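Residue strings, one per chain:
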Amino acid sequence: MIQLVRGFKDILPPESSVWQYIENTAKQHFENFGFKEMRPPVLEQTELFKRSIGEHTDIVEKEMYTFAGSKDTMLTLRPEATASVVRAYIQHKLYAADPVCKFYTIGPMFRKERPQKGRYRQFHQINAEVFGVDSPYIDAQLVFMLMRFFERLSIGGLSAHLNSLGCPACRPAFRKDLAEMLAGHSDKLCEDCVRRLDKNPMRVLDCKVPSCREVVADAPSMLDYLCEDCALHFKAVQQILDKLEIAYEIDPGLVRGLDYYTRTAFEIQTEELGAQNAVAGGGRYDNLVEMLGGPAQPAIGFAVGVDRLVELVSAKFPAYDSGPQVFILPMGDQAMEMGAQFACLLADAGVITEADFSGRSLKALMRRADRMGAENVLIIGEQEISDNAALLRNMKTRHQQSIPMDRLVETIRAEFDG
Ligand code: ATP
Ligand code: MG
């Protein structure tokens, strides 16, 4: 038997209904804030991720699914969506009509990480990205939109964590001091962090290894290094969140795993998940559009981890298989033909319909209807054919009514509309 690939999973009914619920809620909620859907492909040139995410990140160094395309190009299954959205924004000159563009996108991402609970190799994200606005107003709005989204899904124990990562004017001084401080304790750092010292010392702040966490406890804070513009920007984000009554914590240890972030970085965590407690992360990336060959346009975005959300929502509202509204039980050849027609016509009229063509006894069919949770059965037997009327029976109240065949679709539809 061929099994699925480790770290990948099938999303089966009834769990798929939870996915639909989350995705539909996101679409509706984000569109209220002016976001439009974009659907980039899952495959891009490897170069795109190397240049945006950064060569010295875990993702690019060891987690990408990369293979040879035609000619000399290397292709990669996207490990995240922002790079693709930025590529599309540049390639299609979406900034030409108006530099301010707001997109959301929903779909699978691929990272060769060690699979564990809450961590998969194909996982799903809902992303939102805003281009062309550097105002701190939009940073606060994104955090607000996210927190309200989780509230709509009844997810509790949430906290918003904020930091500012500065900009190319103020970050280098911090980076230098941080690297020096860390180098003095390199004997206590894990192997990965020793490697990071040179290339990407800020990633050490993010390391989960306990001995690294100890070293990092005494690290300088980027917040003490912010230039005036960055400091004012970050202050304004906080003031707007205060006005909107969104609680947040300032977390100077919060850095994001990708190189392209500037200024505001944020993460939403929940107490309800255990080790993999981050349900969303994001931040500003004011230089990425230009870095990838587009015009200098500021940008900000976030990614929500859908797999973890599904876990949270399923724990509260267990998914269940809802049965058909009408389950047609035809008995006899003529009834089969009638039943087949009504199964199509009723479904097309908007009534959730199922039919059983096995030709088994009424008793057996009723048992199946019960098991499936059918709300009603529509019995068509010899008697019904000769009366030219089918029998609709409510499975709960046991109320029965005879419905003329020639008005069957309208009558049943009217019943469910009311
Ligand atoms: P983590 O710290 O949990 O590894 P991350 O910083 O790598 O997260 P991002 O790249 O910011 O994650 O992605 C945003 C969200 O996507 C995360 O908050 C998380 O909910 C989800 N996510 C990331 N990687 C995975 C994965 N391998 N499996 C399931 N969900 C994931
Ligand atoms: Mg990660």
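Since we're looking at a predicted model, the values are computed, not measured. Chains are numbered independently. Their residues run from 1 in the order of the written sequence. To read the labels, note that chains go from A and ligands from 1, taken in the order they are written. Given that the model is predicted, a residue must reach a pLDDT of at least 70 before its local features are reported, and side-chain atom pairs must reach 80 or more before they are shown or counted; all residues, however, enter totals for whole chains, interfaces and linings. Note that water and hydrogens are dropped before the side-chain values are worked out from all heavy atoms of the structure.

Caption draft 1: Region of interest: the site of ligand 1. In the region of ligand 1, 15 residues are neighbours, and Arg 111, Glu 113, Gln 125, Arg 256 and Ala 278 sit closest. Polar contact is defined as a pair of N or O atoms within 3.5 Å, subject to the rule that within protein one atom must be able to donate a hydrogen and the other to accept it, and that residues adjacent in sequence are counted only when both atoms are side-chain atoms. In the environment of ligand 1, an oxygen atom lies 2.9 Å from a nitrogen or oxygen atom belonging to the backbone of Ala 278. Arg 308 has a polar side-chain atom sitting 3.1 Å from an oxygen atom of ligand 1. Using a 1.4 Å probe, accessible areas were evaluated by the Shrake-Rupley method; residue-level cover was limited to the displayed protein chains. Contact with the protein chains removes 88% of the 580 Å² of surface that ligand 1 exposes when unbound. Of all the elements in the fold, those that place two or more residues in the shell around ligand 1 are β6 (122-131), β10 (278-284) and β11 (299-305). Counting residues per element, the shell around ligand 1 draws most heavily on β10, which supplies 3 residues. The classification used treats Ala, Val, Leu, Ile, Met, Phe, Trp, Tyr, Cys and Pro as nonpolar, Asp, Glu, Lys and Arg as charged, and all other residues, Gly among them, as polar. Of the residues contributing to the shell around ligand 1, the split by class is 6 nonpolar, 3 polar and 6 charged. We define proximity as follows: a residue is near a molecule or strand when any one of its heavy atoms falls within 4 Å of that partner. To qualify as a helix, a DSSP run of H or I must reach at least 4 residues; to qualify as a strand, a run of E must reach at least 2; elements of each kind are numbered from the N terminus.

Caption draft 2: Up close: helix α9 (residues 228-243). Working rule for helices: expected span equals 1.5 Å times residues minus one. The terminal C-alpha atoms of α9 lie 23 Å apart, and with 16 residues this matches the ideal 22 Å at 1.5 Å per residue to within 8%. The buried label goes to any residue with under 20% of its type's maximum accessible area, the exposed label to any with over 50%, and the partly exposed label to all in between, with areas taken from a 1.4 Å probe on protein chains only. Taken together, the buried positions of α9 are Cys 230, His 233, Phe 234, Ala 236, Val 237, Gln 238 and Leu 241. Packed against the buried residues of α9 are α5 (136-152), β7 (158-164), β8 (249-250), β9 (262-270) and β10. Among the residues trailing α9, Glu 245 stands out with phi positive, at a value near 60°. Note on contacts: a residue pair qualifies if any of its non-hydrogen atoms lie within 4.5 Å across the two residues.

Caption draft 3: Just the packing of aromatic side chains, in detail. Each Phe, Tyr or Trp ring, with Trp reduced to its six-membered ring, pairs with another whose centre is within 6.5 Å; inter-plane angles below 30 degrees give stacked pairs, above 60 give edge-to-face pairs, and intermediate values give tilted ones. In this structure the tally under the stated criterion is 15 aromatic pairs. Their ring planes at 10° and their centres at 4.1 Å tell us that Tyr 89 and Phe 131 sit as a pair that is stacked. Of this pair, Tyr 89 sits in helix α4 (residues 82-91) while Phe 131 sits in strand β6; the two residues are 42 residues apart in sequence, bridging distant segments of the chain. Here the aromatic cluster, defined as three or more aromatic residues joined through ring pairs, consists of Tyr 89, Tyr 95, Phe 103, Phe 131, Tyr 260, Tyr 261 and Tyr 285.

Caption draft 4: A look at the sheet that holds β8. Should DSSP find at least two bridges between two strands, the strands are regarded as paired. Here 8 strands make up an open sheet; going across it, the order is β1-β5-β6-β11-β10-β9-β7-β8 and the pairing mixed. Single-partner strands in this sheet number two, and they are β1 (36-37) and β8. By the bridge criterion, 10 bridges tie strand β5 (residues 101-110) to β6 in an arrangement that is antiparallel. In the sheet register, Pro 108 faces β6, and the bridge partner there is His 124.

Caption draft 5: Expanded view of the sheet that holds strand β13 (residues 353-355). Strands sit in the order β13-β12-β14-β15-β16 across an open sheet of 5 strands; the sheet is mixed. Two strands lie at the open edges of the sheet, namely β13 and β16 (400-404), each paired on one side alone. Within the sheet, the average angular offset between the axes of one strand and its neighbour, ignoring direction, is 25°. Where strand β15 (residues 389-394) and β16 come together, 5 bridges link them in antiparallel fashion. Across the sheet, the residue bridging to Ala 389 is Pro 404, located in β16. Only the contacting stretch of a helix is used when fitting its axis, a line to C-alpha atoms as for every element, and angles between N-to-C directions run 0 to 180 degrees. Packing of helix α12 (residues 333-348) onto the sheet brings it into contact with β12 (326-330), β13 and β14 (376-380), and relative to β12 it is tilted by some 165°.

Caption draft 6: Region of interest: the pairing of β11. By the criterion of burial, β11 is predominantly enclosed, with 7 of the 7 residues buried. The alternating pattern of β11 places Ala 299, Gly 301, Ala 303 and Gly 305 on one face and Ile 300, Phe 302 and Val 304 on the opposite face, and all of these are buried. The sheet contact formed by β6 and β11 spans 7 bridges and is antiparallel. Bridge pairing in β11 places Asn 127 opposite Ala 303. In this structure, β10 lies alongside β11, joined through 5 bridges in antiparallel fashion.

Caption draft 7: Main features of the nonpolar core. To form a nonpolar core, buried Ala, Val, Leu, Ile, Met, Phe, Trp, Tyr and Cys residues must be joined to one another through side-chain atoms within 4.5 Å. Ranked by size, the top nonpolar core spans 92 residues in total, and within it Ile 22, Phe 30, Phe 131, Phe 149, Phe 150 and Leu 309 carry the most contacts. Looking at which element gives the most residues to this core, the answer is α5, with 10 residues. Among the nonpolar cores identified, the runner-up in size contains 19 residues, and Leu 346, Ala 355, Ile 385 and Met 405 belong to it.

Bear in mind that shape data such as this cannot, by itself, settle questions of function.
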